[in-house]
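Results of the structural survey
This is what each chain is made of:
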Amino acid sequence: SVARELAVLPQAPTAPDILTVYELVEQGRFPHTGGLRRLGQVDHEAIRRALLDTTMTDLARRTISELSGGERQRAWIAMALAQEAPLLLLDEPTTFLDLQHQLELLELVLHLNQTRRTTVVLVLHDLNHACRYASRLVVMRHGTVVADGAPTEVLTPALLREVFRVEATVMTDPATGTLMCVAHRAIPDSALAENYQCE
C-alpha cells in the first residue's frame, strides 16, 4: 500500500543483468499486481507510457548488461514512473546522463509535476538545475537543513560560501528567468575559519 503512494529510485540501484528493460520496468507494477504478478491492460499501458516518457521504447528488449550507464539510468527511471505513485523520490537521477538527457529527464519530471500533479523530491548537486526546475530548495550540510524555501530566497552568495565553500555570483538566467550561479573559486576551510574568527 505504501508503494502505491510512494516510488523511490535510489542513487545506485541494482538488478540482475539478464533482465530486459521491459522486465525491469514491469517491476514498477508490482505494488498494483501483488504476488500473482498478472499484468492487465492497465499495467501494460503504464509500462508503455514509462518507456515512451524516458525514450526507452526501442531498447525495451535489450538486457540491462547491454546498456550504457545513461541508458541504465533511464531504464530505472522508467521503472519508477511505471509505478504511477503520486509521490516520487529520485536520488541523483541525472547521474550518468549526458546534458541532453539530463534536461529531457528534468523536463519530464516538471511535466509530471504540472500535468499529473505528481509530487517530486529530487536530490541534485547541480544548483543551476535545481533552481531551474524546483519550486522549493532544501539545502543540507552534514545532514542538517541550513536553508529551505523558494530558490530566490535560498540561493545567495553567502549560502554558497557557507555550504558549498565557493565564491560565486548569483544572477538571473536570461533564457529562463530563473536564478543561476557561476562559481569563481573554491574556498579552503582554513580561510573560512579565519573569516569566522574575524567576525
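Heads up: the structure comes first, above all this text.
The structure presented is a predicted model; accordingly, all values stated were derived computationally and were not measured.

Remarks on the side chain of Thr 118
Relative to the elements of secondary structure, Thr 118 occurs in the loop between helix H6 (99–115) and strand S3 (119–123). Residues within four places of Thr 118 in sequence aside, it is in contact with Ala 85, Pro 86, Leu 88, Leu 112 and Asn 113.

Some remarks on helix H5 (residues 69–82)
When the terminal C-alpha atoms of H5 are compared, their 20 Å separation across 14 residues agrees well with the 20 Å that a helix rising 1.5 Å per residue should span. Three or more residues of H5 are buried, namely Gly 70, Glu 71, Gln 73, Arg 74, Ala 75, Trp 76, Ile 77, Ala 78, Met 79, Ala 80, Leu 81 and Ala 82. In this structure, the buried residues of H5 make contact with strand S1 (6–9), helix H2 (21–26), helix H4 (41–53), strand S2 (87–91) and H6. Where H5 terminates, the next one or two residues include Glu 84, which has phi positive at roughly 55 degrees.

Quick word on unusual backbone geometry
Although it is not a glycine, Phe 96 adopts a positive phi angle of roughly 75 degrees. When you line up the elements, Phe 96 lands in the loop between S2 and H6. Despite not being glycine, His 142 has its phi angle at roughly 55 degrees, a positive value. The class for His 142 is exposed, based on a relative accessible area of 72%.

Some details on the packing of aromatic side chains
Considering all chains together, one arrives at 0 aromatic pairs under this definition. The aromatic ring of Tyr 22 is capped on one face by Arg 61, whose charged end is 4.8 Å from the ring centroid.

What to know about the sheet that holds S2
Overall, parallel pairing links the 3 strands, which are arranged S1-S2-S3 in an open sheet. Of all strands in the sheet, those bounded by a partner on one side alone are S1 and S3. When the angles between neighbouring strand axes are averaged without regard to direction, this sheet yields 10 degrees. Sheet topology note: the S2/S3 ladder contains 5 bridges and is parallel. Looking at the pairing, Asp 91 lines up with Val 123 of S3. Where H6 meets the sheet, it contacts S2 and S3, and its direction lies at approximately 150 degrees from that of S3.

Points about the environment of Ala 78
For Ala 78, the location among the structural elements is in helix H5. For Ala 78, a relative accessible area of 0% corresponds to the buried category. The sequence separation of Ala 78 and Arg 116 amounts to 38 residues, and the corresponding C-alpha distance is 16 Å. Ala 78 has contacts with Val 25, Ala 50 and Thr 54, leaving out every residue within four places of it along the chain.

Concerning the packing of H4 against H5
Taken N-terminus to C-terminus, the directions of H4 and H5 make an angle of 140 degrees; their axes are 8 Å apart at the nearest point. Here H5 runs oblique to H4, going by the angle between their axes. Both H4 and H5 take part in a crossing whose hand is right-handed. Taking contact as the criterion, the partners of Ala 46, Ile 47, Ala 50 and Asp 53 in H4 are, on H5, Ala 78, Leu 81 and Ala 82.

Thoughts on the state of the cysteines
Across all of its chains, the model carries 0 disulfides by this definition. There is no disulfide at Cys 131, and the cysteine sulfur nearest it, in Cys 181, is 6.7 Å away.

The rules behind these values
- For every chain, the first residue of the written sequence is number 1, and numbering continues from 1 onward in sequence order.
- Local features in this predicted model are restricted to residues of pLDDT 70 or higher, and side-chain atom pairs are both shown and tallied only at a pLDDT of 80 or more, whereas totals for entire chains, interfaces and linings draw on every residue.
- The basis for the side-chain values is all heavy atoms of the structure; hydrogens and waters are excluded.
- Strands are runs of DSSP state E lasting at least 2 residues, helices are runs of H or I lasting at least 4, and numbering of each runs from the N terminus.
- Working rule for contacts: check all heavy atoms of both residues, and any pair within 4.5 Å makes them a contact.
- How far a helix is expected to stretch is found by multiplying one less than its residue total by 1.5 Å.
- Here the term buried applies to any residue with accessible area under 20% of the maximum for its type, exposed to any over 50%, and partly exposed to those in between, with areas from a 1.4 Å probe on protein chains only.
- For Phe, Tyr and Trp, rings pair up if their centres lie within 6.5 Å, where Trp contributes its six-membered ring, and each pair is then called stacked (planes under 30 degrees apart), edge-to-face (over 60) or tilted (otherwise).
- Charge over a ring is defined by NZ of Lys or CZ of Arg lying within 6 Å of the ring centre and within 35 degrees of the ring normal.
- Following DSSP output, two strands are said to pair if at least two bridges run between them.
- Axis lines are fitted to C-alpha atoms, over the contacting stretch for helices. Their N-to-C directions set the angle, which ranges from 0 to 180 degrees.
- The labels follow the angle: roughly parallel below 35 degrees, roughly antiparallel above 145, roughly perpendicular from 65 to 115, and oblique for the rest.
- Take the far helix as your reference; a near helix turned counterclockwise from it by less than a right angle gives a left-handed crossing, and one turned clockwise gives a right-handed crossing.
- Here, a disulfide means two cysteine sulfur atoms that sit within 2.5 Å of each other.

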